[in-house]
Amino acid sequence: MAPSTTGCFNQASFRFLRALARHNEREWFLAHKTEFEMYLRQLRLQLIAGLAGPLLTHALDVVPADRLWVNPDCGLKTRG
């Protein structure tokens, strides 16, 4: 199944997470890392990219601009 282009998690994402819960071992994960990249990481990065603009707009109402940045792997962060 191809990953979603909307940034939303799909059935393949949840299927991977269920399998990971059953096989929570480094060796299993490394053997299935391509699936992780396709079904979770890439979709999460798309979701974060889509939310970054609106989050920054609202965050700037509360936090000074020099204390904000977006980390693409983790989302919105604040300094200090």
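Please read these numbers as outputs of a predicted model, since none were measured by experiment. (Residues numbered from 1 in each chain as written. Predicted model: local features only at pLDDT ≥ 70, side-chain atom pairs only at ≥ 80, totals over all residues. Heavy atoms only, no water.)

1. Thoughts on the packing of aromatic side chains
Then, in step 1: Throughout the structure, instances matching the rule amount to three aromatic pairs.
Then, in step 2: Taking the centre distance of 6.3 Å and the plane angle of 45° together, the rings of Phe16 and Phe36 count as tilted. Placement of Phe16 in helix α1 (residues 11-22) and of Phe36 in helix α3 (residues 33-59) is noted, with a sequence separation of 20 residues between them.
Then, in step 3: What links up through ring pairs into an aromatic cluster is the set Phe16, Trp28, Phe29 and Phe36. (Phe/Tyr/Trp six-rings, centres within 6.5 Å; stacked < 30°, edge-to-face > 60°. Helix = DSSP H or I, 4+ residues; strand = E, 2+ residues; numbered from the N terminus.)

2. Remarks on the confidence of the model for the protein chain
Then, in step 1: Residue-level pLDDT values for the protein chain average 80, and 76% of them are 70 or greater.
Then, in step 2: Contacts for the low-pLDDT stretch residues 1-5, under 50 throughout, to residues beyond four places or in other chains number 13 contacts. (pLDDT = per-residue confidence, 0-100. Contact = heavy atoms within 4.5 Å.)

3. Details of α3
Since one α-helical turn is 3.6 residues long, residues separated by three or four positions face the same way.
Then, in step 1: Spanning 27 residues, α3 covers only 34 Å between terminal C-alpha atoms, well under the ideal 39 Å at 1.5 Å per step.
Then, in step 2: Ala52 marks the point of greatest bend in α3, at about 40°, and the proline Pro54 comes within the next four residues.
Then, in step 3: Residues of α3 that are buried: Tyr39, Leu40, Leu43, Leu45, Ile48, Ala52 and Ala59. (Expected span 1.5 Å × (residues − 1). Bend = angle between axes of the 7 residues up to and from the residue. Buried < 20%, exposed > 50% of the residue type's maximum accessible area, 1.4 Å probe, protein only.)

4. Thoughts on a nonpolar patch on the surface
Then, in step 1: On the surface, a nonpolar cluster with roughly 500 Å² of combined accessible area is contributed by Phe9, Phe14, Leu17, Leu47, Leu51 and Leu55.
Then, in step 2: Of all the elements in the fold, those that place two or more residues in the nonpolar patch are α1 and α3.
Then, in step 3: Take the nonpolar patch: its biggest share by element is three residues, from α3.
Then, in step 4: Locating Leu55 in the fold gives a position in helix α3. (Patch = residues over 30% accessible without salt bridge, like charges linked within 9 Å, V, L, I, M, F, W, Y side chains within 5 Å. Areas by Shrake-Rupley, 256 points an atom, 1.4 Å probe, with all protein chains shown as cover. Salt bridge = Lys/Arg side-chain N within 4 Å of Asp/Glu carboxyl O.)

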